[in-house]
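Overview (structure and organization)
The residues making up each chain are set out below.
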Amino acid sequence: MPGALKKKGYRKVLKTLRDGKAIRLTNTGPRDTGQSDFKNRFTLHDLSRLMPLYDASGYFSIEVHGGARLHQNLMNNMIHPFEEARLFSSLLPNVLTQTLIRSTNVWGYRMYPRNIVRLAVESFLPAIDVWRCFDFLNYVPNMAPVAEEVLRGGKIFSPAISFTEAPECSDAYYLRVLKEIVSLCGGTRDIILCVKDMAGVGSPARIRRLIDSFLQKHPGLLIQYHRHSTDGLAIPAIAEAAAAGAKLFDVTDDAFSRFYGHPPVRPLVRYLRELGYDVRLDMKRADEASDAIRGFIRSYGRFESQLKGFSSDVTVHRMPGGAFPSSFEQAEKGGFLDLMPHILKGMSYGNRIIKYFDVTPGSQITWTTWAGILQRTHKEAGEHGIRRLFSALERFFEAGERLEALSHADENLLLRLYAGATDDLKNLLLGKYGPLPFGWPKEWVYRSVFGEEGAAKAKAGRVESSPLSLLPDEDLEKSRAAMEAELGRPATQEEFVLYLMHPKAAVDFLRFRQRFGDTTVLPTGVWFHGLRNPGDQVTITIGSKPHEIRLVSIGEGVGGVKHVVLSVDNIMHVFPVELPEAAAARKAVRKASPGNRGEIGASVAGTVWRIGTKDRVLKEGDRLRKGEEIMNIEVMKTENAVKSSLAGVIRELCVKVNDRVEEGQLLAVIDPGGE
């Protein structure tokens, strides 16, 4: 079938699927399962070994690209995303490669203007065959630039409808979204519609009714059901979707299957075949792939979620699969893992106050919002304060969501609920991602987020039209010049695209690659753990030439440094290595003094995303206006601006981009009188 895509065009492929009765499968293991259960840490060394087995298995497509993997490749895996995409495409001549793209967020965390969206899609188009595109608000105009580029490029466009279970999410609502998608794409002939059940909350009966309603309206529509396993009902839900007429389904390898990814392929195929369906999959090859994964999956145990097991309460809090492990990791690093049950419960309340879909970046906005609320509440009043907050919320809903029906104390408690809201939550309520699918929240929410004085101004300035149409094109020449100045050399077009998605991560990756070369040649065990004992060795191939690296000795620590001797192709090399305790002492955390307005502290625990803004990189000695953004802290893919509380000059920047920071950590020192 991929041969038909390359030789005859995507319409032939889609016609074959429509005209046939066979069920076909997409394996999401390399990308989405890797994100949902293993934080996207799979190495190129391990994944590339699976591709020939996938190619012989008869899958429709393999999701090898997109979502958060591009960012993770730059930050931690040290894999060049374009090189990875081309490699996988070359190893899958008989199976389609697939990506997930977040409409105008593309593979980053902000809304990009049309010219960046088009450039990013165009750049990866040669290596990617199927383009699944979703918008977390189901705001279809945000998909337009992606749809236009993909269809123009002769690849398969798969618009996705974000799905959840809620009173507002009726068949009538989803049919309205589908109508907009069909209008955008000029009909149903050239697309595969994906029903994206990212949290895994759809009951089997609900999924059957929804798909049946779609096919009643558009009998020739190709439907693919994407379902995470979190609530434990993935396989029966898929069976009901098949009964309704869906023909494509997302699965993962049995050995990859955990709790927050996708259903295991072999039991699903056996069950569907038992029900009488013709499912295209070579089970022997699927066996071999699962066996191969069992050989390396133990290397990734430390990246799994701290919460194990299926979670039926996902139907209430609706935390999607891709966010589960990351949220627990953030909570553990931040020292509030014990608050996670409260945070999930808080999210269930939040979903009823501000109504949208908990898929990226919406899920991150919800999680960071409620993580902040519950940490603040616990710090101020402990467990009693949390119980008090939840009781007030219960009374609020029992009173028909009328704030005036509450006691004065409860009213004040809720009006403080969203104090300290992140910029992303504010932008959501200002319409900067698009209109909320079920209307704007009540007036008291704006008072809680923006304050009594700012609420009216926020509502008056809310974007009611398409935010994409108001976003001017980026000055690409200016952005390239900024990148090359930072990199210290001319940049290739592919490097520039990576920079546009993730500026600092791209520059850091390229500097790493320049210093250390292509580290994807290392076996996974060596990549994660190195050579530990004298005599340990590894053989790697660069180009066509093998090289042998052997650990000769590790010296005693002197002055916080150990000297490591390696034999590289029988030539001795000595490397000084700083000891972790020396590095920790050197990087001792400094706290901002609450009484000193010039000391700017971190309001949340997270990672320094940038220093300055995308238009102005700040350095020591630069002058600031009061309220100007000094830096931005990323928490679960949401940005939190840190602004100067006074006008002055930056005397000291105490952190670097990509540093992990604690709440209250000193970030910068501002001198109000300096020049």
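Relevant structure appears above.
Definitions and limits used
Residues numbered from 1 in each chain as written. Predicted model: local features only at pLDDT ≥ 70, side-chain atom pairs only at ≥ 80, totals over all residues. Heavy atoms only, no water. Helix = DSSP H or I, 4+ residues; strand = E, 2+ residues; numbered from the N terminus. Rg over C-alpha atoms; globule rule 2.2 N^0.38 Å. Buried < 20%, exposed > 50% of the residue type's maximum accessible area, 1.4 Å probe, protein only. Contact = heavy atoms within 4.5 Å. Areas by Shrake-Rupley, 256 points an atom, 1.4 Å probe, with all protein chains shown as cover. Phe/Tyr/Trp six-rings, centres within 6.5 Å; stacked < 30°, edge-to-face > 60°. Axes fitted to C-alpha atoms, helices over the stretch in contact; angles between N-to-C directions. Left-handed = near helix turned anticlockwise from the far one by under 90°. Nonpolar A, V, L, I, M, F, W, Y, C, P; charged D, E, K, R; others polar. Pairing = 2+ DSSP bridges. Right-handed = clockwise from strand over helix to strand, strands pointing away. Salt bridge = Lys/Arg side-chain N within 4 Å of Asp/Glu carboxyl O. Arc of directions from axis to C-beta. Polar contact = N/O pair within 3.5 Å; in protein donor to acceptor, adjacent residues only side chain to side chain.

**Examining the overall build of the protein chain**
Each helix and strand counted, the protein chain has 26 helices and 20 strands in total. Rg of the C-alpha trace for the protein chain: 26 Å, near the compact-globule value of 26 Å for 675 residues, within the 12% margin. In terms of principal-axis extent, the alpha carbons of the protein chain reach across some 80 × 75 × 50 Å. Relative to its full complement of 675 residues, the protein chain shows a buried share of 57%. Excluding contacts between residues fewer than 6 apart, the proportion of contacts in the protein chain whose partners are at least 24 apart in sequence is 69%. For the protein chain, the accessible area works out to roughly 27,400 Å², and carbon and sulfur atoms hold 52% of it.

**Remarks on the packing of aromatic side chains**
The tally for this structure, following the rule as stated, stands at 30 aromatic pairs. A ring pair is formed by phenylalanine 136 and tyrosine 433, whose centres lie 5.4 Å apart and whose planes are at 80 degrees; its orientation type is edge-to-face. Residue phenylalanine 136 is found in the loop between strand 4 (130–134) and helix 8 (144–152), and its partner tyrosine 433 is found in the loop between helix 19 (423–429) and helix 20 (443–460); the two are separated by 297 residues along the sequence. Ring centres 6.2 Å apart and planes at 20 degrees place the aromatic pair tyrosine 173 and phenylalanine 357 in the stacked group. Separated by 184 residues along the polypeptide, tyrosine 173 in helix 9 (residues 171–185) and phenylalanine 357 in the loop between helix 16 (340–353) and helix 17 (362–398) bring together distant segments of the chain. On the basis of relative accessible area, tyrosine 173 is assigned to the buried category, the value being 6%.

**Let's talk about the packing of helix 7 (residues 114–124) against helix 8**
Relative orientation of the contacting elements helix 7 and helix 8 amounts to 35 degrees, with a least axis distance of 9 Å. With respect to the hand of their crossing, helix 7 and helix 8 are arranged in right-handed fashion. On helix 8, the residues that touch Arg114, Val117, Arg118, Val121 and Glu122 of helix 7 are Pro145, Val146, Glu148, Glu149, Val150 and Arg152. Residues of the contact of helix 7 with helix 8, tallied by class, amount to five nonpolar, no polar and six charged.

**Focus: the pairing of strand 6 (residues 192–197)**
Taken across its six residues, strand 6 has six buried, putting it largely inside the fold. On strand 6, burial covers both faces: Ile192, Cys194 and Lys196 on one face and Leu193, Val195 and Asp197 on the other are all buried. As judged from the three bridges shared by strand 5 (residues 156–162) and strand 6, these two strands associate in the parallel manner. From the neighbouring strand, serine 162 faces strand 6, where its bridge partner is lysine 196. Between the parallel elements strand 5 and strand 6, the chain passes through helix 9 in a crossover that is right-handed.

**Structural notes on helix 5 (residues 69–77)**
Buried residues dominate helix 5, accounting for seven of its nine residues. Those residues of helix 5 not exposed but buried are Arg69, Leu70, His71, Gln72, Asn73, Leu74 and Asn77.

**Focus: the side chain of histidine 317**
Tracing the chain through its elements places histidine 317 in helix 14 (residues 314–317). A relative accessible area of 3% places histidine 317 in the buried class. Non-local contacts of histidine 317, meaning those with residues more than four positions away in its chain, are made with Ser311, Phe324, Leu344, Met347, Ser348, Asn351 and Asp358.

**Thoughts on the pairing of strand 4**
The element strand 4 is extensively covered by neighbouring structure, given that five of its five residues are classed as buried. Of the two faces of strand 4, both are covered, the one formed by Val130, Arg132 and Phe134 as well as the one formed by Trp131 and Cys133. Two strands pair when backbone bridges link them, and strand 3 (residues 96–101) and strand 4 are joined in this way by four bridges, in the parallel orientation. By the bridge assignment for strand 4, leucine 100 is matched with arginine 132. Of the strand pairs in this sheet, strand 4 and strand 5 are connected by five bridges, and their pairing is parallel.

**Points about the side chain of threonine 230**
If you trace the backbone, threonine 230 turns up in the loop between strand 7 (222–227) and helix 11 (234–244). Accessibility expressed as a relative area gives 0% for threonine 230, which makes it buried. With residues up to four places along the chain from it excluded, the contact list for threonine 230 reads Ala199, Phe259, Tyr260, Phe310, Ser311, Ser312, Val314, Gly321 and Phe324.

**Remarks on the sheet that holds strand 6**
One closed barrel holds the eight strands; their spatial order is 1-2-3-4-5-6-7-8, and the pairing between them is parallel. Geometrically, the sheet is characterised by an average inter-axis angle of 30 degrees between neighbouring strands, direction not taken into account. Lying on the sheet, helix 3 (residues 29–38) is in contact with strand 1 (24–27), strand 2 (61–66), strand 3, strand 7 and strand 8 (248–251); it crosses strand 2 at an angle near 60 degrees.

**What about the pattern of salt bridges?**
Overall, the coordinates contain 47 salt bridges when judged by the stated rule. Put simply, arginine 266 and aspartate 254 hold a salt bridge, and the shortest N to O gap is 2.7 Å. Here aspartate 254 lies in the loop between strand 8 and helix 12 (265–274) and arginine 266 lies in helix 12, a separation of twelve residues in the sequence. In terms of burial, arginine 266 and aspartate 254 fall into one category: buried. Between glutamate 380 and arginine 416 there is a salt bridge whose closest N-O contact spans 3.1 Å. With glutamate 380 in helix 17 and arginine 416 in the loop between helix 18 (408–415) and helix 19, the pair connects residues that are 36 residues apart, well separated along the chain. Three or more residues joined by partner-sharing salt bridges are found here, namely Arg118, Glu148, Glu149 and Arg152.

**Side note on unusual backbone geometry**
In this structure, serine 103 is a non-glycine residue whose phi angle is positive, near 45 degrees. Looking at the element boundaries, serine 103 is found in the loop between strand 3 and helix 7. Residues other than glycine seldom take positive phi values, yet glutamate 401 does so here, at roughly 60 degrees. Locating glutamate 401 in the fold gives a position in the loop between helix 17 and helix 18. Assessed through its relative accessible area of 23%, glutamate 401 is described here as partly exposed.

**Focus: the sheet that holds strand 20 (residues 666–671)**
Spatially, the four strands line up as an open sheet ordered 13-20-18-15, and their pairing is antiparallel. One side of each edge strand has no neighbouring strand; the edge strands of this open sheet are strand 13 (599–601) and strand 15 (623–624). Where strand 15 lies against strand 18 (residues 648–653), two bridges are found, and the strand directions are antiparallel. In the strand pairing of strand 18, leucine 624 is matched with glycine 648.

**So, the environment of arginine 660**
Its place among the elements puts arginine 660 in strand 19 (residues 660–661). We classify arginine 660 as partly exposed; its relative accessible area is 31%. Along the chain, arginine 660 and leucine 510 lie 150 residues apart, while their C-alpha atoms are 21 Å from each other. If near-sequence neighbours (up to four positions away) are discounted, arginine 660 is found in contact with Gln330, Lys333, Gly334, Ala605, Gly606, Thr607 and Gln665.

**Regarding helix 18**
Helical periodicity: at 3.6 residues per turn, an α-helix aligns residues three or four positions apart in one direction. For helix 18, the full list of buried residues reads Asp410, Leu414 and Leu415. Considered in projection along helix 18, the buried side chains sweep an arc of 135 degrees and stay on one side of the axis. Turning to helix 18, the residues buried within the fold contact helix 17 and helix 20.

**Here's the deal with the environment of threonine 16**
Tracing the sequence through the fold places threonine 16 in helix 2 (residues 10–19). The spatial distance from the C-alpha of threonine 16 to the C-alpha of cysteine 194 is 18 Å, given a sequence separation of 178 residues. At a separation of 2.9 Å, a polar atom in the side chain of threonine 16 contacts the main-chain carbonyl oxygen of lysine 12.

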